[in-house]
Amino acid sequence: MLRLPLAAALALAATAATAASGAAPAMTTVELKNNAGEVIGKATLTEAPKGVLMRVETKSLAPGWHGLHFHEKADCSKSDFTSAGGHTMHHAGDRVHGLLNPKANETGDLPNLHVGADGVGVTEVFSGLTTLAALKDADGSAVLIHANADDHLAQPIGGAGARVACGEIK
Ligand SMILES: [Cu+2]
């Protein structure tokens, strides 16, 4: 019976030591490529205490709103990016797309990216539905930018249309 409290105390001590040392959170930077395979920007993902924070910086995209998602595989090899699969965890069967859906449980869902008249898009988004560790699972995952806005309701991808940029998270 003494082993559990001791283990708990050690775990707490380890957590406190990590916090006190101010260790930098885990980060991953991902190159974003367009359908022609040209690098058009990057996404920087940072592990957060309750999710993942992602900064997206792009150029040369069509002005307006674009759906932004995490897809299930780190595979941007096909020029239409269908190789990246569906949204992360969608295969689990109990997932429904849309941050505005009453279930709001799909781990690939993110707010839209806005691109200005100059083709530049810059944003920082947060998801409490997944973690950097989950995104970097055995087959990784992908950051996908779609041609149109995600309405956050329609199945399966909120009407976001074609995939116009892809980045492999490994
Ligand atoms: Cu998508």
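Residues numbered from 1 in each chain as written. Predicted model: local features only at pLDDT ≥ 70, side-chain atom pairs only at ≥ 80, totals over all residues.

**Focus: unusual backbone geometry**
Rules: Strands are runs of DSSP state E lasting at least 2 residues, helices are runs of H or I lasting at least 4, and numbering of each runs from the N terminus. Burial is judged by counting the other C-beta atoms within 10 Å of a residue's own C-beta: 20 or more makes it buried, 12 or fewer makes it exposed, and any count in between marks it as partly exposed, with every C-beta position built from the backbone.
Gln 155 connects to Pro 156 through a cis peptide bond whose omega is 0 degrees. Along the polypeptide, Pro 156 turns up in the loop between strand 8 (141-146) and strand 9 (163-169). For Ser 60, which is not a glycine, the phi torsion comes out positive at approximately 65 degrees. Along the chain, the position of Ser 60 falls in the loop between strand 3 (51-58) and strand 4 (64-66). Given 16 C-beta atoms within 10 Å, Ser 60 falls into the partly exposed group.

**Topic: the nonpolar core**
Applied cut-off: The term nonpolar core refers to a set of buried Ala, Val, Leu, Ile, Met, Phe, Trp, Tyr and Cys residues connected through C-beta atoms within 7 Å. By the convention adopted here, residues are in contact when the distance between their C-beta atoms, placed from the backbone, does not exceed 7 Å.
Ranked by internal contacts, the top residues of the largest apolar core, which has 28 residues, are Ala 142, Val 143 and Cys 166. The set of elements that each furnish at least two residues to this core consists of strand 1 (27-34), strand 2 (39-48), strand 3, strand 5 (68-71), strand 6 (113-115), helix 2 (132-135), strand 8 and strand 9. Residues contacting Cys 166, with those up to four places away along its chain left out, are Leu 32, Lys 33, Cys 76, Phe 81, Ala 84, Ala 142 and Leu 144.

**Notes on the pairing of strand 5**
Put simply, the test is: One bridge is not enough; two strands pair if DSSP finds at least two bridges between them.
Residues of strand 5 alternate between two faces, with Leu 68 and Phe 70 on one and His 69 and His 71 on the opposite face, all of them buried. Where strand 5 and strand 8 come together, 4 bridges link them in antiparallel fashion. Counted as the bridge partner of His 71 is Ala 142 from strand 8.

**What about the environment of Val 39?**
If you trace the backbone, Val 39 turns up in strand 2. Sequence separation between Val 39 and Ala 165 is 126 residues, and the spatial gap between their C-alpha atoms is 9.0 Å. Val 39 has contacts with Glu 31, Leu 32 and Lys 33, leaving out every residue within four places of it along the chain.

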